[in-house]
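Listed below, chain by chain, are the residues.
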Amino acid sequence: MKMTLSCCGISCCRNTAPLDARVSQDEIGRVYDKIANVYDIWGNLTESHARNRAIELAAIKDGQNILEVAVGTGLAFYEIVKRNPHGQNVGIDLSKGMLAKAQHRLAKVAGANYSLKTGTAFDLPVQNESLDLLVNNYMFDLIPYEKMGKILMEFRRVLKKDGKLVLVNMTEGETMGSKLYDFIYRLSPKTMGGCRGVRLTDKLEQQGFTIEVREYCQQMLFPSEIILAHKHPGAITI
Ligand SMILES: C[S@@+](CC[C@H](N)C(=O)[O-])C[C@H]1O[C@@H](n2cnc3c(N)ncnc32)[C@H](O)[C@@H]1O
């Protein structure tokens, strides 16, 4: 057996193969309906730095056509809608419970211009090449590797030629302590809300995206990657 440094020295952590999704997409909506009331505690304690950086990288200009996929309780969507009062802001998610929380949060933005609806990343309710910006935070860490390409093709379909893709994911920890969360996932995927560390850069390049920025960010030892990408000019939209 190949020995490598691991977070805790327990044999299960010595496996270096990428972790794959273990909570099915059929179950995910129900899992997030159940945790919607407490999600923001986790979302603020461990993910807020990465989410804020994603909003910076998005550099939103008022009047844009923006979609957030897997909008959750609206932690990022709130910031998007505030910055884009004269544009189009649409948020979709599988979980009605998470969407209800987002609706409640967005009601606080005066004169806000947005819509929130149930929907899946596999089949976006959006026309070809119509979006200036697509934001997607902490969803690919729930998706099986073999299905990621299908979603990225759908993202490529809806983005304008010069459109931006901004992604945040739980990623593989780069320090000893940050591997704790993947360790918990191995024991109980649902305790982690189905999220495990992924690295999306290769998949993005395979699907015709050019990566401009990939940053690693750690908060409370929780490892995130923030990615800014564009459609590769030569990529064909199917
Ligand atoms: C970890 S939460 C992240 C929520 C939000 N993006 C944030 O950063 O706080 C994951 C969200 O992805 C949603 N989700 C998972 N798979 C999805 C899919 N295929 N299409 C749309 N939403 C999905 C879940 O319902 C859940 O709300």
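Predicted model, so just to flag it, every value in this text is computed and none were measured.

A. Quick peek at the side chain of Q219. Among the structural elements, Q219 can be located in strand β6 (residues 209-219). A distance of 3.0 Å separates the side chain of Q219 from the backbone oxygen of L45, its partner in a polar contact. A polar contact is formed between the side chain of Q219 and the side chain of S48, at a distance of 3.0 Å. Contact partners of Q219, with chain neighbours within four places excluded, come to N44, L45, T46, E47, S48, H49 and A50.

B. Examining the sheet that holds strand β4 (residues 131-137) more closely. Strand order across the open sheet formed by seven strands is β3-β2-β1-β4-β5-β7-β6, with mixed pairing between neighbours. The sheet is open, and its two edges are formed by β3 (115-118) and β6, each paired on a single side. This sheet shows a mean twist of 15° between the axes of neighbouring strands, independent of strand direction. Bridge analysis of strand β1 (residues 65-69) against β4 gives four bridges, and the strand direction is parallel. Following the sheet pairing, V69 is matched in β4 by N136. Across the sheet, helix α5 (residues 145-158) touches β1, β4, β5 (159-170), β6 and β7 (222-231), and the angle it forms with β5 is around 145°.

C. A look at the site of the ligand. Inspection of the region around the ligand gives 22 residues, with Q25, A70, D93, A121 and N137 positioned closest. In the environment of the ligand, an oxygen atom lies 3.1 Å from a nitrogen or oxygen atom belonging to the side chain of R51. With respect to the ligand, the backbone of A121 contributes an N or O atom lying 2.9 Å from a nitrogen atom. Against a free-state accessible area of 590 Å², the protein chains account for coverage of 99% of the ligand. When residues of the shell around the ligand are traced back to their parent elements, those giving at least two are α1 (25-35) and α2 (39-58). By residue number, the principal contributor to the shell around the ligand is α1, which donates three residues. Grouping the amino acids of the shell around the ligand by side-chain chemistry returns 13 nonpolar, six polar and three charged.

D. Geometry of α2. For α2, which comprises 20 residues, the first-to-last C-alpha distance of 24 Å sits more than 12% below the rise-based estimate of 28 Å (1.5 Å per residue). Those residues of α2 not exposed but buried are Y39, G43, T46, E47, S48, A50, R51, A54, I55, L57 and A58.

E. Quick peek at the nonpolar core. Y32, L133, V166 and I226 are the most contacted members of the largest nonpolar core, which has 34 residues in total. Of all the secondary-structure elements, those providing two or more residues to this core are α1, α2, α3 (75-83), β4, β5, α6 (180-187), β6 and β7. If one sorts the elements of this core by residue count, α2 sits on top with six residues. Once residues within four sequence positions are removed from consideration, L133 is found in contact with A58, I60, N65, I66, L67, L159, K164 and V166. Counting 28 residues, the second largest nonpolar core, distinct from the first, contains L134, M139, I143 and V198.

F. Inspection of the pairing of β4 at higher detail. The element β4 is largely enclosed, with a buried count of seven among its seven residues. As paired strands, β4 and β5 are joined by six bridges and run parallel to one another. The partner of L133 across the bridge, within β5, is K164. Handedness of the crossover is the feature at issue here: the chain leaves β4, passes through α5, returns alongside β5, and the resulting connection is right-handed.

G. Broad picture of the pattern of salt bridges. On inspection of all chains with the given rule, the structure shows 14 salt bridges. The shortest N-O distance in the salt bridge between K190 and E27 comes to 2.8 Å. In this pair, K190 is assigned in the loop between α6 and α7 (201-206) and E27 in helix α1, connecting sequence segments 163 residues apart. A relative accessible area of 48% means that K190 is categorised as partly exposed. Judged by relative accessible area, E27 falls into the partly exposed class, the value being 24%. In this structure, E47 and R51 form a salt bridge, with 2.5 Å as the shortest nitrogen-oxygen distance. Of this pair, E47 and R51 both sit in helix α2, four residues apart, which is roughly one turn of that helix. Like R51, E47 is buried. In this structure, a network of salt bridges that share partners links the residues R53, E56 and E215.

Conventions adopted
- Residues numbered from 1 in each chain as written.
- Predicted model: local features only at pLDDT ≥ 70, side-chain atom pairs only at ≥ 80, totals over all residues.
- Heavy atoms only, no water.
- Helix = DSSP H or I, 4+ residues; strand = E, 2+ residues; numbered from the N terminus.
- Polar contact = N/O pair within 3.5 Å; in protein donor to acceptor, adjacent residues only side chain to side chain.
- Contact = heavy atoms within 4.5 Å.
- Pairing = 2+ DSSP bridges.
- Axes fitted to C-alpha atoms, helices over the stretch in contact; angles between N-to-C directions.
- Near = heavy atom within 4 Å.
- Areas by Shrake-Rupley, 256 points an atom, 1.4 Å probe, with all protein chains shown as cover.
- Nonpolar A, V, L, I, M, F, W, Y, C, P; charged D, E, K, R; others polar.
- Expected span 1.5 Å × (residues − 1).
- Buried < 20%, exposed > 50% of the residue type's maximum accessible area, 1.4 Å probe, protein only.
- Core = buried A, V, L, I, M, F, W, Y, C linked by side-chain atoms within 4.5 Å.
- Right-handed = clockwise from strand over helix to strand, strands pointing away.
- Salt bridge = Lys/Arg side-chain N within 4 Å of Asp/Glu carboxyl O.

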